[in-house]
Amino acid sequence: MNGKATTRAKLERGRGALGPALELVHTGRAPTRAVLTAELGVTRATAGAVAAELEALGLIRVDSRPGAAAGSQGRPSHRLSVDDTGPVVLAAQIHADGFRAALVGLGGRIVATAPARRTVTADPAQVLGEVVEVGAGLLRAAGRRCVGAGLAVPSAVAEPEGTALNPLHLAWPAGAPVREIFAERVGAAGIEGPAFTGNDVNLAALAEHRHGAGRGAQHLLCVATGHRGVGGALVLDGRLHTGSSGLALEVGHLTVNPEGRPCYCGGKGCLDVEADPLAFLTAAGREPGPEVSLLQQSRDLLRTDGTDPTVRRAVEELIDRLGLGLAGLVNILNPDRIILGGLHKELLEADPDRLRAVVADRSLWGRSGGVPILACTLDHNSLVGAAEVAWQPILDDPLAALAP
């Protein structure tokens, strides 16, 4: 190979390493250039050139004067971090009690957020227009470059068309073309970059895997209940498992009580209506009010009246239903970690031994019954997950995605 060909090959290898290098810094797995070199399997010179290129793109910072750690020997490595003045993406989440918009930088850092809105009308175009208007206001105030937009919705999202097939807890029509509407509103507002849409729990699981309680898991199961209903997601080797058309892991429609409440799907006793905030308030004998969201009412009840016998019985009832559903999923999916979000996180914290015992008792194998069950750790993880899908083109190929 002649000199020019060798140089060209090195350049191509370096460019090919930009995406993997950025993802390592983005997820906190390469805090120094030495770790980056080892993780990429390249020379120190190549890792240095890759880091310098990402810094020139305004995506990361390279600290060329790091302090040596106490007791360390040898030359300390340059520290790497995301550039907290760099570009952002617009992230938004729709739920039964309103919506929230935010600007999110690399590293899953929420840069700015607008107060939650509590009105979601039956017209998805109107709601998404309001969401984008709020996001555009955040961008104007921040003065930051936007490189994409992501939206989390409480519905299965069919791929590749991006339609919300079952927005059961919204008054939206089934099959609403949410991705198309969102992308059109984003473009009309002059916001740069592509627009993406996904199921809220799928996106929460992705965020937790990259930045939260799911880090390091190879087979991560996430189950959560937010404002209404129950959702689930599976992350395999760092990638969401969404099935052949985006509809996998509709765990809310597992039957956990054959004699239970009618479900919006037409069934009876589904996890969706047996283990969500409304089910908890009902089991605790509380009449839901309109003042704050059902999720917040449930959290407040646990915090202020958690020792009340009626509330304790409601906690145990929901834990038993949730545990039954989790055990079925463990038997089918054999995850190496389970993370719980929303009210399920609060139930785990209220009585972790009971939940783990129910799952273990219903699992087919002892090892499956011992799968770790943890609480989600990120605030607004669906928002962060919506940002993750908007960041993905940059993580895949920073030069191509950020080319003028």
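Shown above is the structure to which this text applies.
Cut-offs applied
- Within each chain, residues carry numbers counting from 1 in the order of the written sequence.
- Totals for whole chains, interfaces and linings use every residue, but because this is a predicted model, local features are given only for residues with pLDDT of at least 70 and side-chain atom pairs only at 80 or more, for both listing and counting.
- Calculated side-chain values reflect all of the structure's heavy atoms, with hydrogen atoms and water omitted.
- Strands are runs of DSSP state E lasting at least 2 residues, helices are runs of H or I lasting at least 4, and numbering of each runs from the N terminus.
- Atoms counted for the radius of gyration: C-alpha only. Globule rule: 2.2 Å times residue count to the power 0.38.
- When accessible area is computed with a 1.4 Å probe and restricted to protein chains, residues below 20% of their type maximum are described as buried, those above 50% as exposed, and intermediate ones as partly exposed.
- The criterion for strand pairing is that DSSP finds at least two bridges linking the strands in question.
- A helix is expected to reach a length of 1.5 Å times the quantity of its residues less one.
- As used in this structure description, the phrase polar contact means that two N or O atoms lie within 3.5 Å; if the pair is within protein, one of them must be able to donate a hydrogen and the other to accept it, and residues adjacent in sequence are counted only when both atoms belong to side chains.
- Contacts are assigned to residue pairs that have any heavy atoms within 4.5 Å of one another.

(A) Quick look at the overall build of the chain. Summing up its helical and strand segments, the chain has 15 helices and 14 strands in all. Taking 2.2 N^0.38 as the reference for a compact globule, 404 residues should give roughly 22 Å; the C-alpha atoms of the chain span a radius of gyration of 23 Å, in line with that estimate. Based on the C-alpha atoms only, the size of the chain along its principal axes is roughly 75 × 50 × 40 Å. Every one of the 404 residues in the chain was classed for burial, and the buried ones make up 50%.

(B) Region of the structure containing the pairing of strand β1 (residues 60–63). Judged by which residues are buried, β1 turns out to be one-sided: Ile60 and Val62 face inward and are buried, whereas Arg61 and Asp63, on the alternate face, are not. Where β1 lies against strand β2 (residues 79–82), 4 bridges are found, and the strand directions are antiparallel. By the bridge assignment for β2, Arg61 is matched with Ser81.

(C) Broad picture of the sheet that holds strand β14 (residues 373–375). With mixed pairing, 5 strands are arranged side by side in an open sheet as β12-β11-β10-β13-β14. The strands lining the two open edges of the sheet, one partner per strand, are β12 (239–240) and β14. When strand β10 (residues 219–225) meets strand β11 (residues 231–236), the two strands line up antiparallel, connected through 6 bridges. In the sheet register, Val223 faces β11, and the bridge partner there is Gly232.

(D) Focus on unusual backbone geometry. Each neighbour pair has its own omega, and for Glu159 with Pro160 the value is 10°, a cis peptide bond. Locating Pro160 in the fold gives a position in the loop between β7 (157–158) and β8 (163–164). Unlike most non-glycine residues, Leu249 shows phi in positive territory, near 60°. Secondary-structure assignment places Leu249 in the loop between β12 and α7 (271–274). The class for Leu249 is buried, based on a relative accessible area of 15%. Its identity as a non-glycine residue notwithstanding, His380 has a phi of 55°, on the positive side. Inspection of the secondary structure assignment puts His380 in the loop between β14 and α14 (381–396). Using a relative accessible area of 37% as the deciding quantity, one classes His380 as partly exposed.

(E) Representation of helix α6 (residues 200–211) within the structure. Its 12 residues give α6 an end-to-end C-alpha distance of 16 Å, which sits within 8% of 16 Å, the value for a rise of 1.5 Å per residue. The element α6 is largely enclosed, with a buried count of 12 among its 12 residues. Among all positions in α6, only Asp200, Val201, Asn202, Leu203, Ala204, Ala205, Leu206, Ala207, Glu208, His209, Arg210 and His211 are buried. The residue sitting at the N-terminus of α6 and contributing the capping side-chain oxygen is Asn199; that oxygen lies 3.0 Å from the backbone nitrogen of Val201.

(F) Examining helix α10 (residues 309–333) more closely. For α10, with 25 residues, the first-to-last C-alpha span of 35 Å sits near the 36 Å given by 1.5 Å per residue. Structurally, the start of α10 carries an N-cap: the backbone nitrogen of Thr310 is 2.8 Å from a side-chain oxygen of Asp308. Immediately downstream of α10, the backbone of Asn334 shows phi near 50°, a positive value.

(G) How the structure looks around the side chain of Gln297. You can see Gln297 is positioned in helix α9 (residues 294–305). Those residues within four positions of Gln297 in sequence are excluded, and the remaining contacts are Leu281, Pro288, Gly289 and Val292.

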